[in-house]
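Coordinates in review
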Amino acid sequence: MASVHPPQSGQYGDSQTSGESGPREIDKVRAAIKAHHQRQLPPLARRVIGSGPNQGKPEMFKVLSIDGGGIRGIIPLKILSALEERMRQHGASPKLSDHFDLMAGTSTGGIIALGLASRNGHTAQSLLKLYTTRSKEIFVPNPNWSYWNYAPTFVQKYGAQLLNTHPRYTHKGIGKVALELYGEQLLGNATTNVLVPAVDVTESSAETVYFTNRNFQSSRHAMARVACATSAAPTYFPRQVIKNRQYVDGGLTVNNPAQVCLDFAQKEHISDDKVNIVALGTGFADVEGIGGAPENHSLLYMGKIIYPTISTTASTDVDNKLKERLGNRYWRISPKFTEAKPMDSTDQVYINELCNIGDQQVRENREKIEGIASMLLRGTDG
């Protein structure tokens, strides 16, 4: 299985030394490793300007952004499966990482994005099969979970810390499935650019971090660990530890990472008029839950209690801003529910319901999906 390995000691002509030359040699090796990382990066954009003063700069920058939502990831996977089929019908590669310049996702969206960008040949269809047939292997109950989980959301806040210490599920299930999905691959192995948010809660003040293969440090992290970090929802899963740092679900702050993707493009000096963002949601119920907390936002509700310093950005705010900035180059597909839908139910009837919702989204957005396919084809060299 492919993996990124640091250059060996003698690969760049360095030798064992002693005395004052030691630190200089170490610096040389570090510089060589970073240069190797830069050479291994996928292109920033597949379609670039061929001539003139802006030669080599992106002509188009195509982004796939996938929201968090646990098992409701079935819905965007249905849409992506339909998109793969459209690409196949057009005679193009159905592998979506061959077309998108950046794949981003939060929580379950991060699991999907990393799966599609990995070198293991995963497709939306194969990931959909995993979600629909092996959900019980992901959500493995914690035998020591807290009795507070049985209480209504507004009551749970009084036992929030206890819930977080004894979450509903163990890491054994999701960790095992993640290892099967990505093996020993690092972020640096991704076939396209990736961006996955998580929240670092190691210190007293929580901070959102963005794992990406374009950053040397985070490119050294295992895909499996990053996937577990972005989906470590407080009260659902334990924190994920990566190199002595503790992380929880990125959905606490950026459940819809589309805005972060546009910020990424800005930092790379890509203007808005070059950016196309396909942003897929897992559904939203605009209903008030018990105690005035939107039931489908119970993760955010509990997260704010456990980590009061975090700041959140509502998905609807992201949608409105990006529609204003990008116009018809912001392709948003996400169903609106009339009632809250759980993120962790593995009941087969519920799984079938989510599949039906996904199929309905494909039917209702057939023209939009075809438009996305056409956009991706325009943005492919050759």
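Right above here is the structure, for reference.
Residues numbered from 1 in each chain as written. Predicted model: local features only at pLDDT ≥ 70, side-chain atom pairs only at ≥ 80, totals over all residues. Heavy atoms only, no water.

1. Looking at the overall build of the chain
The criterion, for reference: To qualify as a helix, a DSSP run of H or I must reach at least 4 residues; to qualify as a strand, a run of E must reach at least 2; elements of each kind are numbered from the N terminus. Buried means the residue's accessible area, taken with a 1.4 Å probe over protein chains only, is under 20% of the maximum for its type, while exposed means over 50%, and partly exposed covers the values in between. Every residue pair with non-hydrogen atoms within 4.5 Å of one another is taken to be in contact.
Along the backbone of the chain there are 15 helices and 10 strands. Counting the 382 residues in the chain, one finds 54% classified as buried. Counted over contacts in the chain with a minimum sequence separation of 6, partners at least 24 positions apart contribute 75%.

2. Comments concerning the pattern of salt bridges
Rules: Here, a salt bridge means any Lys or Arg side-chain nitrogen found within 4 Å of an Asp or Glu carboxyl oxygen.
In this structure the tally under the stated criterion is 15 salt bridges. Two residues, lysine 78 and aspartate 359, come together in a salt bridge whose shortest N-O distance is 3.1 Å. In this pair, lysine 78 sits in helix α2 (residues 74–89) while aspartate 359 sits in helix α14 (residues 348–364), placing the two residues 281 residues apart along the sequence. You can call lysine 78 buried: its relative accessible area is 18%. Residue classification places aspartate 359 among the partly exposed residues on the basis of a relative accessible area of 28%.

3. A few points about the nonpolar core
Applied cut-off: Within this scheme, the nonpolar core is defined by two criteria: the residues are buried Ala, Val, Leu, Ile, Met, Phe, Trp, Tyr or Cys, and they are joined through side-chain atoms within 4.5 Å.
The biggest cluster of nonpolar side chains holds 71 residues, and the ones touching the most others in it are Leu64, Leu80, Leu83, Tyr182 and Phe211. Considering every element that reaches this core, the biggest residue donor is α2, with eight residues. Once you skip the residues sitting within four places of it in the chain, leucine 64 turns out to touch Leu80, Phe100, Leu102, Met103, Ala104, Leu116, Val278 and Leu280. Counting 22 residues, the second largest nonpolar core, distinct from the first, contains Ala104, Ala258, Val260 and Phe264.

4. Here we look at the environment of glycine 110
Topologically, glycine 110 is positioned in helix α3 (residues 108–117). Leaving out residues up to four positions away in the same chain, glycine 110 has contacts with Gly105, Val196 and Thr230.

5. Some details on the packing of aromatic side chains
This is how the line gets drawn: Stacked, tilted and edge-to-face are the three classes assigned to paired rings of Phe, Tyr and Trp, where Trp is represented by its six-membered ring and a pair needs centres within 6.5 Å; plane angles under 30 degrees give stacked, over 60 edge-to-face, the rest tilted. Two limits define a charge over a ring: the Lys NZ or Arg CZ must be within 6 Å of the ring centre, and within 35 degrees of the ring normal.
Counted according to the given criterion, the structure contains five aromatic pairs. Relative to phenylalanine 237, the ring of tyrosine 169 has its centre 5.6 Å away and its plane inclined at 40 degrees; by these criteria the two rings are tilted. Here phenylalanine 237 lies in the loop between α10 (223–230) and β5 (240–242) and tyrosine 169 lies in the loop between α7 (160–165) and α8 (171–182), a separation of 68 residues in the sequence. A residue is classified by how much of its surface remains accessible, and tyrosine 169, at 11% relative accessible area, is buried. Owing to a relative accessible area of 5%, phenylalanine 237 belongs among the buried residues under this scheme. Here phenylalanine 211 and tyrosine 247 contribute two aromatic rings whose centre-to-centre distance is 5.2 Å and whose plane-to-plane angle is 65 degrees, an arrangement assigned as edge-to-face. In this pair, phenylalanine 211 is assigned in strand β4 (residues 207–212) and tyrosine 247 in strand β6 (residues 245–249), connecting sequence segments 36 residues apart. Residue phenylalanine 211 is classed as buried on the basis of its relative accessible area, which comes to 4%. A cation over an aromatic ring shows up here: arginine 168 above the ring of tyrosine 236, its NZ or CZ 4.8 Å from the ring centre.

6. Here we look at the side chain of asparagine 256
Keep this limit in mind: Under the rule applied, a polar contact is a pair of N or O atoms within 3.5 Å (in protein, one hydrogen donor and one hydrogen acceptor; residues adjacent in sequence only if both atoms are side-chain atoms).
Looking at the element boundaries, asparagine 256 is found in the loop between β6 and α11 (258–267). Engagement of the side chain of asparagine 256 in a polar contact is seen with the side chain of aspartate 319, the distance being 3.4 Å. Residues contacting asparagine 256, with those up to four places away along its chain left out, are Ser65, Asp67, Ser315, Val318, Asp319, Tyr330 and Arg332.

7. Thoughts on the packing of α2 against helix α4 (residues 124–133)
The line we're drawing: Working convention: axes come from line fits to C-alpha atoms, limited for helices to the stretch in contact. Angles between N-to-C directions cover 0 to 180 degrees. Orientation categories follow fixed angle ranges, with anything under 35 degrees roughly parallel, anything over 145 roughly antiparallel, 65 to 115 roughly perpendicular, and all other angles oblique. For any pair of crossing helices, the crossing counts as left-handed if the nearer helix is rotated counterclockwise from the farther one by less than a right angle, and right-handed if it is rotated clockwise. Nonpolar residues are Ala, Val, Leu, Ile, Met, Phe, Trp, Tyr, Cys and Pro. Charged residues are Asp, Glu, Lys and Arg, and all others, Gly as well, are polar.
Direction vectors running N to C along α2 and α4 enclose 150 degrees, while the axes themselves pass 8 Å from each other. One way to sum up the angle between α2 and α4 is to call them roughly antiparallel. Relative to α4, the crossing made by α2 is left-handed. Here Ile74, Leu77, Lys78, Leu80, Ser81 and Glu84 of α2 lie close against α4, whose contacting residues are Ala124, Gln125, Leu127, Leu128, Tyr131 and Thr132. Residues of the contact of α2 with α4, tallied by class, amount to seven nonpolar, three polar and two charged.

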